[in-house]
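Inside the fold
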Amino acid sequence: MENITKEKWYNITNEHIVKAIEEFENSPNKYHAARNTFLIYKGNKYPAKTIRGLAYKIANNETLGSDQYSGGMETVKFFERYGFPVEHAGNSITEKKKSEVKAQRKKLNVVSQKNALQKLLQQKFGIIETERKYAWLKTPDPDNPPQEYKDIIKALVEYRDQGGFLKSGLHPSCDFVFEDHKLMFEYDEYQHFSQARKIALENYPETIHVYFSKNDWIGQCTKIQAKDNFPIDRDERRAYFDSVRDIEAYKHGYTLIRIKHGDFDWEDTHASAYLDTLLSKTYGQKYGDQTHFTEVNTVLPEEEKEKATVDQGIKIGLVSMILNSTDTSSIDDHAKIFLDVVNTYENLDIIVFPGHTLLKDQLALVEKEMKNKHSLILFEVWNDFFNGEKRHKGYYFKDGILHDKDIIQIFVTSSEINRHKDLMKPFLHELKDKRIIEYKGMSICWLICGEINVLRNIQKNNNEVTFRFPEDADLARAFQEIYDKTDIFIDPTHTIMGNQGKLARRREFLSQNKTFCSVSNADTLTDQKLSEKSIQYLYKNGKPINGRLLESSNRFLLRQYNV
């Protein structure tokens, strides 16, 4: 098999495998029956090699012939690494793996594991602080706690009628901190998985986002049921401190990743690859290109591994709407659509609307009725004012708060920027100062419609993409700094743009080791439809990603993309 095909197997995720099973079940096509290798999913058997091939097609948008990859034990090993049980020649592979996992887990020593993890983190991030404390990371006043703590405190006190753990101004320390990245790691040992911790987690408010699977942690608390009664309220105290770490870290813009002791052997030779996998799922795209999940020798039990978070990572919602680009009244219902989407789909991390989202007089209503305090929401007002003239202005909600930074479109077409090179300097300045939004440890850079013409295609070189003015060293350097800093480029457009061939190459360029997304309105003036393929795009690592339709009507559609 060619190396490029081998590399593409690494693009497959658990979600692609589940989608492959669904496609197999719903397809009218007849597939070859399996002879002796079956994938087991929800009690049903599926032809393992066929599902593997369908997963490849979904992940890479291309089809392999059955002679281009092997079935049998090669396919067995493929699914094992993703945590899916397989039956081969009448034997269940899963049971064997469970016993191996159990035996290996008993050998893991907490001290040596934490030392190995610390060493690996130092290699990856450099300067590390251990047992770090912050002035802002402290237990609140129990007599007047912030809203997000009230249910947690009430439930913990009612658990065993213990309230001695409620002391204000105590500063829990953090295991490992990387201040430059605003990144924390907590290594949770056996004693953290108690009934008290389960109760606390079940009472976390929806407004607090955590970077670990809360459901898995709750499940482990039920399974382990750790008890530490010296002093008598030790479990409640530990659970409360963990809650304070999670809540205050999120409120202050830190990414706190929790690692459960025993889920992986950090002295294993594949530890670096496993850490990359963990980071790509919880910390965005900064490490996604290093992740080869299929090489990871995880000791997570098979049944838990199967659960392990199809939905982790960043969830991006792209919203397309109908309008007439010459008639402002065509968006009279956009405020209602906007509020229905953002207040219904609070689980989305980022929601991007196309240009011409709202009218100026709809903005006050939207701000008043906004309930979503989780998502980063980016949109445009059609008829706002900037320096005394009507302009399109970009706004965003972050933590439920409306931000107006006077974001305006600098140029529209390639010919405009070619004729007015002097626009490039203020444009790059605007990108750097106004349009790079820090969110969940990532930098999101906002282009507006035709500003993708900051790039150009060299037609004679197979449409190779470069910065528009590479001969100007100062401008090129300024753009490169923005490009290097950015994790996600967004480019909401007003209506569907032309020359999709050139644009496709630019999308590929802006998504190298990053994510790029674009979303447009369908313009009734030119008979555009919401069903058109070019209404939305999301590229990751240079490749287009398919979204999942969440909602559609004759006025709008919403798709979710997991990156």
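The present account deals with the structure reproduced in this document. (Residues numbered from 1 in each chain as written. Predicted model: local features only at pLDDT ≥ 70, side-chain atom pairs only at ≥ 80, totals over all residues. Heavy atoms only, no water.)

**What to know about the overall build of the protein chain**
The following threshold applies: Each helix corresponds to a stretch of at least 4 residues labelled H or I by DSSP, and each strand to a stretch of at least 2 residues labelled E; elements are numbered beginning at the N terminus. Three exposure classes are used, based on accessible area relative to the maximum for each residue type with a 1.4 Å probe and protein chains only: buried under 20%, partly exposed in between, and exposed over 50%. Any two residues whose heavy atoms approach within 4.5 Å are treated as being in contact. The protein chains shown are the only cover counted for residues, whose accessible areas, like all others here, come from Shrake-Rupley with a 1.4 Å probe.
Within the protein chain, the secondary structure is distributed over 18 helices and 24 strands. Sorting the 563 residues of the protein chain into buried and exposed places 54% on the buried side. Here the contacts in the protein chain between residues at least 6 apart in sequence split such that 72% fall between residues at least 24 apart. Summing over all exposed atoms, the protein chain offers an accessible surface of approximately 25,600 Å²; the carbon and sulfur share of this is 47%.

**Let's talk about the pattern of salt bridges**
Spelled out, the test is: Salt bridges are counted wherever a side-chain nitrogen of Lys or Arg sits within 4 Å of a carboxyl oxygen of Asp or Glu.
Inspection of every chain in the model, using the stated rule, returns 34 salt bridges. For the salt bridge of Lys198 with Glu202, the shortest nitrogen-to-oxygen distance reads 2.8 Å. With Lys198 and Glu202 both in helix H8 (residues 195-202) and 4 residues apart, the pair spans about one turn of that helix. Each of Glu186, Asp188, Arg197, Asp242, Arg245, Asp246 and Arg258 takes part in salt bridges that share partners, so that together they form one network.

**Re helix H18 (residues 500-510)**
For clarity, the threshold we go by: Relevant arc is that of directions from the helix axis to the C-beta atoms, nothing else.
Residues of H18 that are buried include every one of Leu503, Ala504, Arg506, Arg507 and Leu510, and no others. Relative to the axis of H18, the buried residues are bounded by an arc of 165° and lie together on one face. Close packing links the buried residues of H18 with strand S16 (455-458), strand S17 (464-467), helix H17 (473-485), strand S18 (488-490), strand S19 (515-519) and strand S21 (536-540).

**So, the side chain of Thr493**
Condition: Side-chain atoms alone can form a polar contact between residues adjacent in sequence; in general such a contact is a pair of N or O atoms within 3.5 Å, and within protein one must be able to donate a hydrogen while the other accepts it.
Along the chain, Thr493 turns up in the loop between S18 and H18. Among the polar contacts made by the side chain of Thr493, one reaches the side chain of Ser520 at a distance of 3.3 Å. Apart from residues lying up to four places away in sequence, Thr493 is in contact with Pro354, Gly355, Cys449, Ser518, Val519, Ser520 and Asn521.

**Looking at empty space enclosed by the protein**
Note the cut-off: Grid spacing is 1 Å over the protein atoms alone, the probe is 1.4 Å, and a cavity is where that probe fits but cannot get out, while a pocket is an open set with protein on both sides within 12 Å along at least five of seven lines and lining residues have an atom within 4 Å of a point. Grid points are joined across faces, edges and corners, and a volume is the space filled by probe spheres set on the points.
Under the criterion given, the structure shown has 3 cavities of 30 Å³ or more. Every element with two or more residues in the lining of the largest cavity is listed here: H18, S19 and S21.

**Observations regarding the packing of aromatic side chains**
Remark: the centre distance and the inter-plane angle together describe each pair of aromatic rings, the angle taken between the planes. Heads up, the condition is: Planes of paired rings set the category: under 30 degrees apart is stacked, over 60 is edge-to-face and the rest tilted, where pairs are Phe, Tyr or Trp rings (Trp by its six-membered ring) whose centres lie within 6.5 Å. Criterion for a charge above a ring: Arg CZ or Lys NZ at most 6 Å from the ring centre, at most 35 degrees from the ring normal.
Using the criterion set out here, one finds 24 aromatic pairs in the structure. Here the aromatic rings of Phe338 and Phe379 are separated by 5.1 Å at their centres, their planes lie at 70°, and the arrangement is edge-to-face. In this pair, Phe338 sits in helix H13 (residues 334-344) while Phe379 sits in strand S11 (residues 376-386), placing the two residues 41 residues apart along the sequence. In this structure Phe338 comes out as buried when scored by relative accessible area, which is 0%. Using a relative accessible area of 1% as the deciding quantity, one classes Phe379 as buried. Taken together, the aromatic side chains of Phe467, Phe469, Phe479, Tyr483, Phe489 and Phe509 make up a single cluster linked through ring pairs. We note Lys260 situated over the ring of Phe193; from NZ or CZ to the ring centre the distance is 5.6 Å. Taking NZ or CZ as reference, Lys421 lies 5.4 Å from the ring centre of Phe469, over its face.

**A few points about the side chain of Lys393**
With respect to the helices, strands and loops of the structure, Lys393 is situated in strand S12 (residues 389-398). For Lys393, the side chain forms a polar contact with the side chain of Asp404, separated by 3.3 Å. Looking at Lys393, its side chain comes within polar contact range of the side chain of Asp406, at 2.9 Å.

**With respect to the pairing of S21**
Heads up, the rule is: A pair of strands counts as paired when DSSP detects no fewer than two bridges linking them.
With 4 of 5 residues buried, S21 lies mostly within the body of the structure. In terms of strand pairing, S21 meets strand S22 (residues 543-544) through 2 bridges, oriented antiparallel. Along S22, the bridge assignment pairs Tyr539 with Pro544. In this antiparallel pair of consecutive strands, S21 and S22, the connection spans 2 residues, and Asn541 shows a positive phi of 50°.

**A short note on the sheet that holds S22**
Strand pairing within a sheet occurs via backbone hydrogen bonds; the two strands may be parallel or antiparallel. As a reminder of what qualifies: Every axis in this analysis is a line fitted to C-alpha atoms, fitted for helices over the stretch in contact. Angles between the N-to-C directions lie between 0 and 180 degrees.
Reading across from one edge, S14-S15-S18-S19-S21-S22 is the order of the 6 strands in this open sheet, with mixed pairing throughout. In this open sheet, the two edge strands, each paired with only one partner strand, are strand S14 (436-439) and S22. Its contacts with the sheet place H18 against S18, S19 and S21, and it is angled at close to 40° to S21.

**Thoughts on the packing of H8 against helix H10 (residues 234-251)**
How two helices pack is summed up by the angle between their axes together with the distance between the axes. Here is the rule: Should the near helix be turned counterclockwise from the far one by less than a right angle, the crossing is left-handed, whereas a clockwise turn marks it as right-handed. Lys, Arg, Asp and Glu make up the charged group, whereas Ala, Val, Leu, Ile, Met, Phe, Trp, Tyr, Cys and Pro make up the nonpolar group; the residues left over, Gly among them, are polar.
At a closest axis distance of 8 Å, the pairing of H8 and H10 adopts a crossing angle of 35°. For the pair H8 and H10, the sense of crossing is right-handed. Residues Ala196, Arg197 and Ala200 of H8 pack against Asp235, Glu236, Ala239, Asp242, Ser243 and Asp246 of H10. Of the residues contributing to the contact of H8 with H10, the split by class is 3 nonpolar, 1 polar and 5 charged.

**A look at the packing of helix H7 (residues 147-160) against H8**
For the record, the criterion: For classification, angles of less than 35 degrees are called roughly parallel, those exceeding 145 degrees roughly antiparallel, those between 65 and 115 degrees roughly perpendicular, and all remaining angles oblique.
Contact geometry of H7 with H8 gives a least axis separation of 8 Å together with a crossing angle of 150°. Classified by the interaxial angle, the pair formed by H7 and H8 is roughly antiparallel. The two elements H7 and H8 meet at a crossing, and its hand is right-handed. Together, Ile152, Ala155, Leu156 and Tyr159 of H7 and Gln195, Ala196, Ile199 and Ala200 of H8 make up the contact between the two elements. Residues that form the contact of H7 with H8 fall into these classes: 7 nonpolar, 1 polar and no charged.

**Describing the sheet that holds strand S7 (residues 183-188)**
If you walk across this open sheet you meet the 4 strands as S5-S6-S7-S8, and the pairing is mixed. The two strands at the open ends of the sheet, each matched to only one other strand, are strand S5 (129-132) and strand S8 (255-260). On average, each strand axis in the sheet is inclined to that of its neighbour by 30°, with strand direction left out of account. Two elements, S5 and strand S6 (residues 174-178), share 3 bridges in a ladder whose sense is antiparallel. Among the inter-strand pairings, Glu129 is bridged to a residue of S6, identified as Val177. Helix H9 (residues 214-224) contacts S7 and S8 of the sheet and is inclined by roughly 30° relative to S8.

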